[in-house]
Amino acid sequence: MRLIHSRPFRLLAVLCLGVLGSPVFAETHPGQEQLVREVAKETGKNPQALNALLDGAKMQQGILDAISRPAEAKPWKDYRPIFLTSQRIGDGIAFYREHRALLEQIGKQYGVAPQYIVAIVGVETSYGRNTGKYKVLDALVTLGLYYPPRAKFFREQLKELLSLPDNHLAGPVGTLTGSYAGAQGWGQFMPTSIRDFAVDADHDGRIDLQNSLPDIFASVANYFAKHGWVDGGPVASRAQPDAAAQPIAVKDAAPQWPLEQLEAWGYAPLQRLSPGEPASLQTLEGPNGPEYWFTFRNFYVITRYNRSPLYAMAVDQLAQAIAAGADRAGAAR
Ligand SMILES: [Ca+2]
């Protein structure tokens, strides 16, 4: 609900409410004054400028509708075809070839194989084609101040958006666009991820995750590296259960056992792997029945980008398809 619609009314309301008692300040959005006070105190930014910015933001019902829509829990057999399309693989191969030198340089610097950087921007935004049409400020105001179920998380993101130095964003805060959840750029970074992981790799003094490929690639690679990516380490590998294999309860994708323990429980690797490799097990509903997968440290790192194990599996398989195709394309030249 917006009580006050314009600045003259705002001033009037401040005066009236001041006379009547609290609240002393009239707000365009609930909790705005407190938020502005915190950001101004912590960053030294001008409270009037922050208020002006927030006064211009709109609560969007469409954003509340989008986040409230129950997420379809698709099984792997229906999830995989959405991301592993021939178009997305083909575009990824072409993209890798076009930017190979830069990708390999950044991949080497951060210890992350380039095909995983390409796969992330492929899954997130179809290689930068769909970075989102919502105003980031509207999205985070709406979810941070008007959506109690996730207010804690999104208020923190809104606060960070307002706190980030101007040169950490692709443009003025009020002009930025992104997903309905306020994620920005080719890699769909939330403001706290920009703060913690984004990189100015082309050294132009600005972190631009919308227009600078060096910044985009290095930020994704740095995100992986900072979450513990093991250069050259395994991601996921098929497992074959024997007749006596028992179902294994897995809390999340964090590796919990050495591979040989899972083998002892009846799951055989289909490729040669180190018996001591820390692993977990995912059971997915494939097109021909259950699929069993050993997953490793790097798989878990991908789930730090998006919690879904299906997401991590799709990224891994897209990355492998892109790498194989880029090598073939490279050999054919
Ligand atoms: Ca830059």
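Residues numbered from 1 in each chain as written. Predicted model: local features only at pLDDT ≥ 70, side-chain atom pairs only at ≥ 80, totals over all residues.

Peer 1: Is there a simple way to think about the overall build of the protein in this case?
Peer 2: The number of helices and strands found in the protein is 15 helices and seven strands. Once the C-alpha set of the protein is aligned to its principal axes, its extents read approximately 80 × 50 × 30 Å. Taking as baseline every contact in the protein between residues at least 6 positions apart, the subset at least 24 positions apart corresponds to 67%. (Helix = DSSP H or I, 4+ residues; strand = E, 2+ residues; numbered from the N terminus. Contact = placed C-beta atoms within 7 Å.)

Peer 1: I'm lost on the pairing of strand 3 (residues 236-241) in this one. Help?
Peer 2: When a strand is regular, its side chains alternate between the sheet's two faces. In terms of strand pairing, strand 3 meets strand 7 (residues 289-296) through four bridges, oriented antiparallel. Counted as the bridge partner of A239 is Y292 from strand 7. With three bridges connecting them, strand 3 and strand 5 (residues 267-269) associate as antiparallel partners. Note on strand 5: the bridge partner recorded for P241 is Y267. (Pairing = 2+ DSSP bridges.)

Peer 1: Mind showing me how you'd approach the environment of Y146 here?
Peer 2: Structurally, Y146 is set in the loop between helix 9 (136-145) and helix 10 (151-163). What makes Y146 partly exposed here is the crowd of 18 C-beta atoms within 10 Å. As for Y146 and H29, which are separated by 117 residues in sequence, their C-alpha atoms are 8.4 Å apart. Ignoring anything within four residues of it in the chain, the contact list for Y146 reads M59 and L64. (Buried ≥ 20, exposed ≤ 12 C-beta atoms within 10 Å, placed from the backbone.)

Peer 1: Even after reading the chapter, I still don't get the sheet that holds strand 3, so can you show me in this structure?
Peer 2: Two modes of strand pairing occur in sheets, parallel and antiparallel, and in both the strands are linked by backbone hydrogen bonds. Strands sit in the order 4-6-7-3-5 across an open sheet of five strands; the sheet is antiparallel. Of all strands in the sheet, those with a lone pairing partner are strand 4 (257-258) and strand 5, marking the two edges. Those strands touched by helix 5 (residues 76-83) are strand 6 (278-286) and strand 7, and its axis lies near 95 degrees from that of strand 6. (Axes fitted to C-alpha atoms, helices over the stretch in contact; angles between N-to-C directions.)

Peer 1: When you look at the packing of helix 8 (residues 114-125) against helix 12 (residues 213-226) in this model, what are you seeing that I'm missing?
Peer 2: Relative placement of two packed helices is described by the angle separating their axes and the distance separating the axes. Interaxial distance between helix 8 and helix 12 falls to 10 Å at its minimum, and their mutual angle equals 105 degrees. One element, helix 8, and the other, helix 12, form an angle in the roughly perpendicular class. Listed contacts from helix 12 to Y116, I117, I120 and V121 of helix 8 are I216, F217, V220, A221 and F224. Looking at side-chain class alone, the contact of helix 8 with helix 12 contains nine nonpolar, no polar and no charged residues. (Parallel < 35°, antiparallel > 145°, perpendicular 65-115°, else oblique. Nonpolar A, V, L, I, M, F, W, Y, C, P; charged D, E, K, R; others polar.)

Peer 1: Sorry, what's going on with the environment of V235 here?
Peer 2: Structurally, V235 can be placed in the loop between helix 12 and strand 3. For the pair V235 and P247, spaced 12 residues apart in the sequence, the C-alpha separation amounts to 21 Å. Excluding anything up to four places from it in sequence, V235 contacts F296, N298, F299 and D316.

Peer 1: In this structure, what is going on with the pairing of strand 6? I would like to understand it.
Peer 2: The pairing of strand 4 with strand 6 spans two bridges and is classified as antiparallel. Counted as the bridge partner of W257 is A279 from strand 6. Of the strand pairs in this sheet, strand 6 and strand 7 are connected by eight bridges, and their pairing is antiparallel. Bridging across to strand 7, L281 finds its partner in F294. Linking strand 6 to strand 7, which pair antiparallel, is a turn of two residues.

Peer 1: Would you mind going over the nonpolar core with me for this structure?
Peer 2: Within soluble globular proteins, side chains that are nonpolar tend to cluster in buried spots. If you look at the biggest cluster of nonpolar residues, it comprises 87 residues, and the most contacted ones within it are I117, V315 and I322. Element by element, the count of residues in this core is highest for helix 15 (residues 309-332), at 10 residues. Dropping the residues within four chain positions of it, I117 is found in contact with L103, G107, V112, F217, V220 and A221. (Core = buried A, V, L, I, M, F, W, Y, C linked by C-beta atoms within 7 Å.)

Peer 1: Where do I start with helix 8 in this structure?
Peer 2: Side chains three or four residues apart in an α-helix point the same way, a direct result of the helix having 3.6 residues per turn. In this model, helix 8 (12 residues) spans 17 Å end to end at C-alpha, consistent with the 16 Å of a helix rising 1.5 Å per residue. Most of helix 8 is tucked away, with 12 of its 12 residues classed as buried. Those residues of helix 8 not exposed but buried are P114, Q115, Y116, I117, V118, A119, I120, V121, G122, V123, E124 and T125. Directly after helix 8, the chain includes S126, whose backbone phi takes a positive value near 50 degrees. (Expected span 1.5 Å × (residues − 1).)

Peer 1: Could you clarify how one ought to interpret the confidence of the model for the protein in this entry?
Peer 2: Chain-level statistics for the protein give a pLDDT mean of 92 and a share of 91% at 70 or above. Between residues 1-23, whose pLDDT stays under 50, and residues either more than four places distant or in other chains, the model counts 15 contacts. (pLDDT = per-residue confidence, 0-100.)

Peer 1: What's the story with the packing of helix 7 (residues 100-110) against helix 8 in this structure? I'm lost.
Peer 2: Interaxial distance between helix 7 and helix 8 falls to 8 Å at its minimum, and their mutual angle equals 110 degrees. Viewed along their axes, helix 7 and helix 8 adopt a mutual orientation that is roughly perpendicular. In contact with L103, E104 and G107 of helix 7, helix 8 contributes P114, I117 and V118.

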